[in-house]
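Inside the fold
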Amino acid sequence: MKYLLFTILCTTLNFVAFAQLLSPPSAKDFSHHQRFNPSFIAANNIQEIRCSVESKRDGDKIKSTHKSYVYQFHKDGNVRLISEIDYKLGDTAVTVFTYAGNRLECEVKNDAAGMFSYCYNYGDDGLPISRKYGRTARSSSLMANEVPTRVTEVATENYTHARFENQLHTTLHNSAGRPYIKEIRYYDENEYLLRYSQAYIMSSDRYEETYAYNMQGWISELQIPHPAAQRYTYSYDQVGNLLEEVLYKQASEIYRKEYVYEGNNMLIRAELRRDEAVQIIYITNYTYGYW
């Protein structure tokens, strides 16, 4: 089902493209998945993307939610900062990212008690070998992308990996060196990830994802059979721009998300998400800043 608002916005668009602004949905591998494609961001000198959110209940007018999201980028296209701003509450949640080459080195976030970080070390094969959790006092320097240097290291967890035919087995060990999570990734002969499973050693808790791909190699369906039956479906244009994402629980549609692109440059103009339970469309408008 297509919605009237989406149809109105799309009438002037011509879907021709040369790359994807949005990173296509990815399977649960060890790469740092970024919402926006770093290659597209770098090639087009995008410094910042601002997303302001409005809402429209069925039969009502469009209203501001007083919320926005700001993405700031390094010149190489990697995201350096994400701000989630609630103007009504006067609250801002910030995440800063640093990199070692093309690999995620640290992510630093703020919370009510101050700031915390997760930092990663990698082996020669590119797989993570440790994850360090640290805390420090709240600092306004996060907005300037200055990662605090005085961080209390609270805990270090370690990864071990074992490869078998078309499988990667990973164990996460707590700070005392005891294993507590086991993960298995199942691949096909072309190294597409088909299934991911995670289990806690000391409990029955488990999590699972399975993936299906379209002819161009993009994920067309993601299923989460455990712990709750959920299914995401995705559709794309001919060059891989994401057009639609739909979430189902059991057989019920939970939300439908659609993207509206500018025909001349394939920048996203708007993102439309309809939540069926409350019969509201959330409209996210995109604006861009450049180097």
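As a starting point, this report considers the structure included with it. Keep in mind that what you see is a predicted model, and the values were worked out from it rather than measured. (Residues numbered from 1 in each chain as written. Predicted model: local features only at pLDDT ≥ 70, side-chain atom pairs only at ≥ 80, totals over all residues. Heavy atoms only, no water.)

Side note on unusual backbone geometry
P227 follows H226 through a cis peptide bond whose omega is 10°. Even without glycine at this site, E191 takes up a positive phi of about 70°. One can find E191 in the loop between β10 (179-187) and β11 (193-200). When its relative accessible area of 67% is taken as the criterion, E191 is described as exposed. With phi around 60°, M266 is a residue other than glycine that occupies positive phi space. Summarising the element assignment, M266 is placed in the loop between β16 (252-261) and β17 (268-275). Judged by relative accessible area, which is 1%, M266 ranks as buried. (Helix = DSSP H or I, 4+ residues; strand = E, 2+ residues; numbered from the N terminus. Buried < 20%, exposed > 50% of the residue type's maximum accessible area, 1.4 Å probe, protein only.)

Overview of the state of the cysteines
Going through the model one piece at a time under the given rule, you end up with one disulfide. With its sulfur 2.0 Å from that of its partner, C106 forms a disulfide with C119. In this structure, the disulfide formed by C106 and C119 twists by about 115° around the S-S bond and is classed as right-handed. Residue C106 is located in strand β5 (residues 103-111), and its partner C119 is located in strand β6 (residues 114-122); the two are separated by 13 residues in the primary sequence. According to the relative accessible area criterion, C106 is buried, its value standing at 10%. (Disulfide = S-S within 2.5 Å.)

Describing the pattern of salt bridges
Following the criterion strictly, the structure yields 16 salt bridges and no others. Between E48 and R50 there is a salt bridge, and its shortest N-O distance comes to 2.7 Å. Among the ionic pairs, R274 bridges to E276, the shortest N-O distance being 3.3 Å. Judged by its relative accessible area of 9%, R274 falls in the buried class. We classify E276 as partly exposed; its relative accessible area is 26%. Here the salt bridges do not stand alone but share partners, grouping R35, K257 and E271 into one network. (Salt bridge = Lys/Arg side-chain N within 4 Å of Asp/Glu carboxyl O.)

What to know about the environment of E258
Summarising the element assignment, E258 is placed in strand β16. Residue E258 is classed as buried on the basis of its relative accessible area of 1%. For the pair formed by E258 and L243, sequence separation is 15 residues and the distance between their alpha carbons is 5.6 Å.

So yeah, pure geometry; function would need other evidence.
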